[in-house]
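A look at the structure
Residues per chain, in single letters:
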Amino acid sequence: MVKKSLITIGILICLFSSTIGAVEIYPLSQVYPGLKGIGKTVVQGTTIEDFDVEVLSIIPQPSPTSTLIMVRVSGEAIERSGGIASGMSGSPVYIDNKLLGAIGYGYEYSDHRIGLVTPAAQMLALLENVPINNELIIPSGFSEIKTPLMVSGIQGRALKMLKDTFEPYNAAVIPGVSGIVDQFNSSELEPGSAFAVQLLRGDFQVAAFGTITEIDEHNRFVGFGHPFLHKGNVNYFVAPAVIHQTLPNLEFPFKIASAGPSAGTVYQDRAAGVGGVLHYYSDYIPIMITVEDVTRNIQDSYRVESIVDDSLINALAISSAYQGVDSTLDRIGAGTAYVRVEFFVRDLLNPIIRENMFYSDTDIAVWALSDLSEGIDLITSNTLQHVELEKISTEIVIKDERKTAEIEKAIPRLFQVKAGDSIEVEVKIRPYRQPVENRILRIEIPEDTLPGPMTVSVRGGGMGYYAIKPTVHTTWQSLEQDDTEEMWQEPTQAESFDILMAKYVDREQNNEIVAEFYPFIDTYTYEEPEPEVNDTVIYNGETIPVSEVELLEQDYGHYHWENADTEPIRVRLNTQYVIEGSASFEIEVI
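Residues numbered from 1 in each chain as written. Predicted model: local features only at pLDDT ≥ 70, side-chain atom pairs only at ≥ 80, totals over all residues. Heavy atoms only, no water.

1. Focus on helix H6 (residues 370-381)
With 12 residues, H6 should reach 16 Å at 1.5 Å per residue; the first-to-last C-alpha distance of 16 Å fits that figure. Taken as a whole, H6 has its buried residues at Ser370, Asp371, Leu372, Gly375, Ile376, Leu378, Ile379 and Thr380. Turning to H6, the residues buried within the fold contact helix H4 (313-329), strand E19 (335-345), strand E20 (352-360), helix H5 (364-368), strand E21 (389-399) and helix H7 (497-506). (Helix = DSSP H or I, 4+ residues; strand = E, 2+ residues; numbered from the N terminus. Expected span 1.5 Å × (residues − 1). Buried < 20%, exposed > 50% of the residue type's maximum accessible area, 1.4 Å probe, protein only. Contact = heavy atoms within 4.5 Å.)

Below, the structure written as structure tokens:
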């Protein structure tokens, strides 16, 4: 059975020219069924058209939106749009040239000429930054429509990432078209004009489109008549828009639109709608993406600008980078990638730079962007201190060739070594479908290492990314193999943001050979037992002489390790291959 429901119509933010004075509000107390007025919207292009509005009913609401007004719309513009369409949210409704409110909701899978108007007074209250903390309760049988977010230039799995990100916000993500900048003039915006609320702009765009409701003499505007993402205090881009076409649809008509140059900022995203200021521009995060396809000798650069929002920046940046890789490679599949990521953070003298190498036999873009995603998460989600991310830059060089090598064996030049000395280790690696190559590592044995056997593991730095294969173990007696699996994990705790990011930057790279061992250090101490003072003690519920307890439980003192969490000693060697597999051997410290 097809369910009827009333749903929010698109995203509608109000842009207002300073030439327009304060509008007079039609009193809600004088609204009654049968009252008629007009609405304003854009069905195609940038031309504002009128449509007829008739009040059907008044629907009381709990706080924060006290009343909604049910209306029927009609007229030639409505006939061409197929009814109230996604993107008409915020379309102003006037009675006797007084602002009644804005179209905010419409019926899904039903009569698209029936909708709800959010009263003007409730929307204009946004301009006073009055906090609205309660949820809007829609009458039974009604529900909020998914806000359409049009995405330009992003397709496939990058688009799916955005869909998953915005699903909790009840925002529908659909493919769109790029902006046509030369068609726009923000000074001409007025109630009824089409506009865009942008989360991402540049070579790739993520924007929601709606209709201007009203603006005051200070260029402050309101719109939608319903929340966008309902995030409260926000900083969204605002731009004028052109409507290419309004498409009738059984579920809900919608507009195909493009955004122009930025024209202001949205600061409020509340239950009654959104509000902001024209000609005032907020901070943003520029993101530079350079992708080179070595095999085809192609290099492309992409630039986007993201809103400053810790909860959205990762999805916006990674989806842009995914699309950049996919657009340049023009394929999804195997490859080897060299990646350099730079984060510029306010109050840090130097950028945070991370370099790495990746290989995937199925989808190189997924692996190539893992450090970028992790870096953004560390910066925006760390619990140590607030930091302001100012710029992101990533360079990705990809070739079809498989540049991997597997560790076959690790053999020390000596199997006995004194504490304080060093030994050389010969590591045999086999590049993919190539002859074996040798690499030499030198391991320093700490001077305070205790005598005895010690196991050294040799592995690839990318063991956190790749499935771990059985370790090839070499004993000092027979060089025989051992199938035990060596597990490894990078430390993740840090005492400060600087230490956290230093660990991120200096973390092992996938193209490194890492030799690792835990030395037994002479750091224990001996503690004498404290002398007894009392002649008797309670033992198992009975009072007995101390001498008897000493016979039962002799305490000769004890040893304890002062550094139980000894960090492993690691030696790292950079190679031109992504290193896979591991090996180990045993030496004796004498």
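2. Let's talk about the environment of glutamine 205
Within the element layout of this structure, glutamine 205 appears in strand E11 (residues 205-215). Overall, the relative accessible area of 11% leaves glutamine 205 in the buried class. Residues glutamine 205 and glycine 176 lie 29 residues apart in sequence; the distance between their C-alpha atoms is 8.8 Å.

3. Details of the pairing of strand E18 (residues 298-307)
Note: strand E10 (residues 194-202) against E18, three bridges, orientation antiparallel. Paired with leucine 200 across the strands is serine 306, a residue of E18. Note: strand E17 (residues 284-293) against E18, 10 bridges, orientation antiparallel. When the sheet's bridge partners are listed, proline 286 is paired in E18 with glutamate 305. Between E17 and the antiparallel strand that follows it, E18, lie four residues; asparagine 297 among them carries a positive phi value of about 55°. (Pairing = 2+ DSSP bridges.)

4. Focus on the pairing of E21
As paired elements, E17 and E21 share seven bridges and run parallel to each other. Within E21, the position partnered with methionine 288 by the bridge is serine 393. Pairing between E19 and E21: 10 bridges, direction antiparallel. In the sheet register, phenylalanine 344 faces E21, and the bridge partner there is lysine 391.

5. Describing the packing of H6 against H7
Following both chains from N to C, one finds H6 and H7 inclined at 175°, their axes separated by 11 Å at the closest point. One finds that H6 runs roughly antiparallel with respect to H7. Here Asp371, Leu372, Glu374, Gly375, Leu378 and Ile379 of H6 lie close against H7, whose contacting residues are Phe497, Leu500, Met501 and Tyr504. (Axes fitted to C-alpha atoms, helices over the stretch in contact; angles between N-to-C directions. Parallel < 35°, antiparallel > 145°, perpendicular 65-115°, else oblique.)

6. Quick notes on the sheet that holds strand E24 (residues 422-431)
The strand order E25-E24-E22-E34 describes an open sheet built from four strands, whose pairing is mixed. Edge strands, defined here as strands with exactly one partner in the open sheet, are strand E25 (437-444) and strand E34 (578-580). Each strand of the sheet is rotated relative to its neighbour by a mean of 40°, with strand direction disregarded. Here seven bridges tie strand E22 (residues 404-412) to E24, and the two strands are oriented antiparallel to one another. What sits directly across from alanine 410, in E24, is valine 427.

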